[in-house]
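# Commentary on secondary and tertiary structure
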Amino acid sequence: MAKIEKFEDLEIWNIARDICLDIEILFDTTNLGKRYSMKDQMDRSSGSIMDNIAEGFERNGNREFINF
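Residues numbered from 1 in each chain as written. Predicted model: local features only at pLDDT ≥ 70, side-chain atom pairs only at ≥ 80, totals over all residues. Heavy atoms only, no water.

## Some words on the packing of helix α1 (residues 11-29) against helix α2 (residues 36-58)
For the pair α1 and α2, interaxial distance at closest approach is 8 Å and the crossing angle is 165°. Relative to α2, the element α1 lies roughly antiparallel. Considering the relative orientation of α1 and α2, their crossing is left-handed. Here I12, W13, A16, R17, I19, C20, I23 and F27 of α1 come into contact with α2, specifically with M38, K39, M42, S46, G47, I49, M50 and I53. (Axes fitted to C-alpha atoms, helices over the stretch in contact; angles between N-to-C directions. Helix = DSSP H or I, 4+ residues; strand = E, 2+ residues; numbered from the N terminus. Parallel < 35°, antiparallel > 145°, perpendicular 65-115°, else oblique. Left-handed = near helix turned anticlockwise from the far one by under 90°. Contact = heavy atoms within 4.5 Å.)

Written out as structure tokens, the structure reads:
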């Protein structure tokens, strides 16, 4: 098994990025984009997924990575 050098190589981080893009497309192509508070909440929470994965990856141990 190859060693992963950066969090962008993690499959789960790429899936999270795809979720963010899908949510952006959803709000751009439907009337849901007019519900600003919901749009803001979903945008921030989907971005938070990627942030948490990246932060966990930068930690020194598997236990902390799993926590994030």
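Next comes the rest of the account.
## A word on the nonpolar core
In this structure, F7, L10, W13, A16, C20, M50, I53 and A54 together form the largest nonpolar core, which totals 8 residues. Where this core is concerned, the elements lending two or more residues are α1 and α2. The contact partners of F7, leaving out residues within four places of it in the chain, are W13, A54, F57 and E58. (Core = buried A, V, L, I, M, F, W, Y, C linked by side-chain atoms within 4.5 Å. Buried < 20%, exposed > 50% of the residue type's maximum accessible area, 1.4 Å probe, protein only.)

## Some points on the packing of aromatic side chains
A complete count under the given rule lists 1 aromatic pair for this structure. Ring centres of F7 and W13 lie 5.4 Å apart, and the angle between their planes is 70°; this geometry places the pair in the edge-to-face category. Look at W13 and you get buried, because its relative accessible area is 11%. (Phe/Tyr/Trp six-rings, centres within 6.5 Å; stacked < 30°, edge-to-face > 60°.)

## So, a nonpolar patch on the surface
On the surface, a nonpolar cluster with roughly 310 Å² of combined accessible area is contributed by I12, I15, I19 and I49. When residues of the nonpolar patch are assigned to their parent elements, the largest contribution, 3 residues, is made by α1. Here I19 is to be found in helix α1. Its relative accessible area of 35% is what places I19 among the partly exposed residues. (Patch = residues over 30% accessible without salt bridge, like charges linked within 9 Å, V, L, I, M, F, W, Y side chains within 5 Å. Areas by Shrake-Rupley, 256 points an atom, 1.4 Å probe, with all protein chains shown as cover. Salt bridge = Lys/Arg side-chain N within 4 Å of Asp/Glu carboxyl O.)

Geometry only, nothing functional implied.
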